[in-house]
Amino acid sequence: MSLKKKCIAFYGLLRKYPPLVLPLVWLVFSVLIVLVNCIPDRFVKQSIEAGINTLTVEGDHPWIFFTPQSQLDNFTDRIMLQMSQRTSSWNAVTQYFSNSADWPELEAHSLHNPVFAAFANQGYPRYWHGYTVFLKPLLSFLSLEAIRSFSFLTLSILICYAFYVLKTRFNLMIACIYCVAMSMINIFIVPLSLVYSPVVYLTILSIIGIRYFCGQNRFLLFLLVGAFVNYVDFLTFPLLSLCFPLAMVVLHDVKNNEAFSCIVNRFIISGIMWLVGYASTWGIKWVLSSVITGRNVVKDAFVNILIRSDAGSHADAGSHFDKIETIQSNYECFFKNYPIRILVLIILTVLVLQITFMRQKKLDCLTVLRSMGKGSVLLLLAVAPVVWYFCLANHSTIHMEFYAYKNVSITVFSVLVYLCCLSIQKEDTSAIHLDDKSSNRCIGLNCK
């Protein structure tokens, strides 16, 4: 068998059994962080020092638009800059995630060992810190201010291109709803923040590549997105990378007149694949870090899971957070930035436009009700932030005004997309450009 045929066969196997790709993904992730740690620190020291000074002057959590919801998390940005080098002096940043008694040993091992440095992470080994794969090369020839300017330009281009993709693939209404949802996460401040950028960039790239998610690669791609967001994120609002593309995929299935059981099965499996990619990639980092550094990172990670989920003892968690109050507080924080009357106006506008489209297309009530029924899984997606806040009560309370509240945009986005099911019909499939040949059957599932 030729190499090409072997590659095709292997790719077919991965599409059928997506989790098989994870060991290869973890290997690539590991190699990348080791390689980036091979870049000499002297290339980035000056940029990092200047960047940390800039962030210190700005303050830990400055308000950009004079509202708490527009806060930057400069404190975490300083950590990210700090992590973009093998070693650094013990200071006010490192003291939050590393024991001063361990610092001389960590520094000594990291100085001449990029593998150890890649997994020890200056005493903060729970995360992959995969953002350094992109950040450290940029810091080699750009200052923090220049990186922010570059991010403004890049993000603007990606937002516009994603708008074009959604307009072409679905319609102008969906593209506008996407822009509304992006504005609700204060996307205008994302280029100023290193910690906000990874999830937002990955979410927008997933939207741009939505045609591939709608094909036979769906489950494999959701698995990869889950793994990659864990690799580059600092536990901010990774749920966006699942829910935004998944909402578009559901709308695609409704528009393509798939069976309700098929839509539900795809919805569930896509979510599971993302979760498997996300959780397993985190778990393997703890194991690898424990083996390479000789420290029990797994134990430390589980302790922090109990803390972040508020499931441990009060001694571990520090304080107890009421889960219902956490959910309510995050939604209130979101609606302080975007008052309910504005959201109601947006919803009514979308509803009126959809009804107008229905009348223009002369759609009968039975057809509309059938589409609304098939799209009802979007309402399950709308409660995803509630589940996140319930499971991570500690994290969602402490980081509420920084980024946890942004998950509420998923609720708004899902509801608005659901309303679009009123006028999304089979007759519009010419705008979808289906990638899979058998579009009327479940991809990877035996449900017709």
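Residues numbered from 1 in each chain as written. Predicted model: local features only at pLDDT ≥ 70, side-chain atom pairs only at ≥ 80, totals over all residues. Heavy atoms only, no water.

A. Fine view of the overall build of the protein chain. Of regular secondary structure, the protein chain possesses 23 helices and zero strands. The C-alpha atoms of the protein chain give a radius of gyration of 23 Å, which matches the 22 Å a tight globule of 448 residues would have. Dimensions of the protein chain, computed from the C-alpha atoms along their principal axes, are close to 75 × 65 × 45 Å. Every one of the 448 residues in the protein chain was classed for burial, and the buried ones make up 54%. Put simply, 80% of the contacts in the protein chain that link residues at least 6 apart link residues at least 24 apart. Treating the 35 positive side-chain charges of the protein chain as one cloud and the 25 negative ones as another, the clouds have centres 14 Å apart. (Helix = DSSP H or I, 4+ residues; strand = E, 2+ residues; numbered from the N terminus. Rg over C-alpha atoms; globule rule 2.2 N^0.38 Å. Buried < 20%, exposed > 50% of the residue type's maximum accessible area, 1.4 Å probe, protein only. Contact = heavy atoms within 4.5 Å. Lys, Arg positive; Asp, Glu negative; His and termini not counted. Charge placed at Lys NZ, Arg CZ, Asp CG, Glu CD.)

B. Looking closely at a nonpolar patch on the surface. On the surface, a cluster of nonpolar side chains totalling about 500 Å² of accessible area is made up of Leu24, Leu27, Val28, Val31, Leu32 and Leu35. Given the relative accessible area of 45%, Leu24 is considered partly exposed. (Patch = residues over 30% accessible without salt bridge, like charges linked within 9 Å, V, L, I, M, F, W, Y side chains within 5 Å. Areas by Shrake-Rupley, 256 points an atom, 1.4 Å probe, with all protein chains shown as cover. Salt bridge = Lys/Arg side-chain N within 4 Å of Asp/Glu carboxyl O.)

C. Region of interest: the nonpolar core. In this structure, Tyr196, Ile204, Met248 and Phe413 are the most contacted members of the largest nonpolar core, which totals 129 residues. A total of twelve residues in this core trace back to one element, the largest contributor, which is helix α13 (residues 239-255). Beyond its immediate sequence surroundings of up to four residues, Met248 is in contact with Leu166, Phe170, Ile174, Ile207, Ile210, Phe413 and Val417. (Core = buried A, V, L, I, M, F, W, Y, C linked by side-chain atoms within 4.5 Å.)

D. Looking closely at unusual backbone geometry. Here Asn186, not a glycine, exhibits a phi torsion of approximately 55 degrees, which is positive. Note on Asn186: relative accessible area 5%, which makes it buried. Backbone geometry places Asn257, a non-glycine residue, at a positive phi of 60 degrees. On the secondary structure map, Asn257 appears in the loop between α13 and α14 (260-293). Exposure remark for Asn257: the relative accessible area of 42% places this residue in the partly exposed category.

E. Looking closely at the pattern of salt bridges. Here the structure, examined in full by the defined rule, presents nine salt bridges. Note that Glu105 and Arg295 form a salt bridge whose closest N and O atoms lie 3.5 Å from each other. Of this pair, Glu105 sits in helix α5 (residues 103-111) while Arg295 sits in the loop between α14 and α15 (297-309), placing them 190 residues apart in sequence. When salt bridges that share partners are traced, they join Arg218, Asp253, Glu258 and Arg266 into one network.

F. Just helix α3 (residues 45-58), in detail. The end-to-end C-alpha separation of α3 is 20 Å, in line with the 20 Å expected for 14 residues at 1.5 Å each. Where α3 is concerned, the buried positions are Ser47, Ile48, Gly51, Ile52 and Leu55. Along the axis of α3, the buried residues cluster in a sector spanning 130 degrees; they form a single face. More than 90 degrees from the buried face of α3, the exposed residues found are Gln46, Glu49 and Val57. Contact partners of the buried residues in α3: α4 (74-82), α7 (132-139) and α8 (144-169). (Expected span 1.5 Å × (residues − 1). Arc of directions from axis to C-beta.)

G. Helix α23 (residues 408-419), seen in detail. Compared with an ideal rise of 1.5 Å per residue, which puts twelve residues at 16 Å, α23 spans 17 Å between its outermost C-alpha atoms and is within 8% of the ideal. Within α23, the full set of buried residues consists of Val408, Ser409, Ile410, Thr411, Val412, Phe413, Ser414, Leu416, Val417, Tyr418 and Leu419.

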